[in-house]
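Architecture and fold: a report
Listed below are the residues making up each chain.
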Amino acid sequence: MKGRVALITGAARGTGEVTARLFADEGAKVVVADVNEASGTKVAAEIGERGEAQFVRLDVTDETSWRSAVAEAVKRFGKLDTLVNNAGILHMAAIGDTTVEDYERVFAVNQKGVFLGMKSAAPAIQEAGGGSIVNVSSIDGVQAKTGLVAYAASKWAVRGMTRVAALELGKHGIRVNAVCPEAGSGDMIKPYLPEGVGADLPRQYEHRLLSHQRTRETADFLGDIAKAILYFASDDSLTCTGTDLVLDSGITAGKRVKGAPGA
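To keep things clear, this report deals only with the structure shown in the data block. (Residues numbered from 1 in each chain as written. Predicted model: local features only at pLDDT ≥ 70, side-chain atom pairs only at ≥ 80, totals over all residues. Heavy atoms only, no water.)

Before going further, it helps to spend a moment on the overall build of the chain. Across its full length, the chain holds seven helices and seven strands. Seen in sequence order, the chain has helices and strands lined up from the N terminus as β-α-β-α-β-α-β-α-β-α-β-α-α-β. In the chain, which comprises 263 residues, the share counted as buried stands at 48%. Partitioning the contacts of the chain with sequence separation of at least 6, the portion at a separation of at least 24 is 67%. Of the roughly 12,900 Å² of accessible surface on the chain, a fraction of 53% belongs to carbon and sulfur atoms. (Helix = DSSP H or I, 4+ residues; strand = E, 2+ residues; numbered from the N terminus. Buried < 20%, exposed > 50% of the residue type's maximum accessible area, 1.4 Å probe, protein only. Contact = heavy atoms within 4.5 Å. Areas by Shrake-Rupley, 256 points an atom, 1.4 Å probe, with all protein chains shown as cover.)

Written out as structure tokens, the structure reads:
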């Protein structure tokens, strides 16, 4: 990523933060974009001690905010050739308990935000001679779970938009791919858990994923997601566009039937 300039949304914490730090370690100049100014500024300052980073306040639901963020990235670093649409929110409720306002709030961030990001950043990436857009979907955009009607709809949409964008932007030298992780930041799900539950969420995710395969005893899930994003952002994936990568330790592959041959 040496010489690349990457704008990463939702980079104040979680997957976005880990990705921003990894990109900087790999030589990229990073624009840490988020609505959380305190955490985003802190992340950018810490990255800046090792490389170049800039915090930009970005409301992904607002087109004017997107234009300002892209313009700031180009002004600060001279170009923009990488976009990571990572910002996302979660809402968990049964269909009957999901209000229109709930649904539209999730849509605005997870789906509209990705659309505005690609629309706003594509001209700058084209001007830079091409580059890569990586959208963060979810395995909830590959399969279904109860209680996630708004979230799943938005993440399925991200995969569809990724393919359309790959077809339309390829002629400009812009590749567009998606990653579909099972586990992200535990902070997203904590508001929906009973009081006192949630402190051990990373370990719970780890146990669930590792139960599907024999692997190392500990797993760095956010790190693995960041590495997948890095792969799509770098020239190591020049033949990849319009596709997605599922990171779930085989959960969506199917089920092992206890007692059946091969189990």
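What follows deals with the sheet that holds strand β6 (residues 174-181). On the basis of which strands lie adjacent, the open sheet formed by seven strands has the order β3-β2-β1-β4-β5-β6-β7 and parallel pairing. With one partner strand each, in any of the chains shown, β3 (53-57) and β7 (244-247) form the two edges of the open sheet. Sheet twist, expressed as the mean angle between neighbouring strand axes with direction ignored, is 15 degrees. One ladder, built from six bridges, connects strand β5 (residues 131-136) with β6; its direction is parallel. Note that in β6 the partner of Ser132 across the bridge is Arg175. Here helix α2 (residues 37-48) sits on the sheet and contacts β2 (29-34) and β3; the angle it forms with β3, its principal contact strand, is near 170 degrees. Across the sheet, helix α5 (residues 149-169) touches β5, β6 and β7, and the angle it forms with β6 is around 160 degrees. (Pairing = 2+ DSSP bridges. Axes fitted to C-alpha atoms, helices over the stretch in contact; angles between N-to-C directions.)

Residues Leu7, Trp66, Leu80, Ile133 and Val176 are the most contacted members of the largest nonpolar core, which totals 31 residues. Going through the elements one at a time, β1 (5-9), β2, α3 (63-77), α4 (100-127), α5 and β6 are the ones with two or more residues in this core. For this core, the element with the most residues is α4, which contributes eight residues. Excluding its chain neighbours within four sequence positions, the residues that come into contact with Ile133 are Leu83, Asn85, Met118, Ile125, Leu169, Ile174, Arg175, Val176 and Asn177. In this structure, Leu22, Ala53, Ile229 and Ala233 belong to the second largest nonpolar core, which totals 28 residues. (Core = buried A, V, L, I, M, F, W, Y, C linked by side-chain atoms within 4.5 Å.)

The residue Thr82 is located in strand β4 (residues 82-85) in this model. A distance of 3.2 Å separates a polar atom in the side chain of Thr82 from a polar atom in the side chain of Asp81. When sequence neighbours within four positions are dropped, the list of residues in contact with Thr82 reads Met1, Arg4, Val5, Ala6, Leu7, Phe23, Ile125, Ser132 and Ala233. (Polar contact = N/O pair within 3.5 Å; in protein donor to acceptor, adjacent residues only side chain to side chain.)

Counted under the stated rule, the structure contains one aromatic pair. Taking 5.5 Å as the distance between ring centres and 45 degrees as the angle between the ring planes, the aromatic pair formed by Tyr231 and Phe232 counts as tilted. Residue Tyr231 is classed as partly exposed on the basis of its relative accessible area of 34%. Sitting over the face of the ring of Trp156, Arg159 holds its NZ or CZ atom 5.5 Å from the ring centroid. (Phe/Tyr/Trp six-rings, centres within 6.5 Å; stacked < 30°, edge-to-face > 60°. Lys NZ or Arg CZ within 6 Å of the ring centre and 35° of its normal.)

Right, let's get into the environment of Cys180. Among the secondary structure elements, Cys180 is positioned in strand β6. Owing to a relative accessible area of 0%, Cys180 belongs among the buried residues under this scheme. Spatially, the C-alpha atoms of Cys180 and Trp156 are 10.0 Å apart, while their sequence positions differ by 24 residues. Apart from the residues lying within four places of it in its own chain, the contact partners of Cys180 are Ser137, Ser138, Ile139, Val142, Arg159, Asp244, Leu245, Val246 and Leu247.

Once that is clear, we can look at helix α7 (residues 221-233). If you check α7, its first and last C-alpha atoms are 18 Å apart, about what 13 residues at 1.5 Å a residue would give, namely 18 Å. Phe221, Gly223, Ile225, Ala226, Ala228, Ile229, Leu230, Phe232 and Ala233 are the residues of α7 that are buried. (Expected span 1.5 Å × (residues − 1).)

It is worth spelling out the side chain of Thr9 at this point. Tracing the sequence through the fold places Thr9 in strand β1. Here the side chain of Thr9 touches Asn86 through a polar contact of 2.8 Å, landing on its backbone nitrogen. At 2.8 Å, the side chain of Thr9 and the backbone nitrogen of Ala87 are in polar contact. Not counting residues within four places of it along the chain, the set of residues in contact with Thr9 comprises Gly16, Ala33, Leu58, Val60, Trp66, Val84, Asn85, Asn86 and Ala87.

That's the geometry; what it means functionally is another story.
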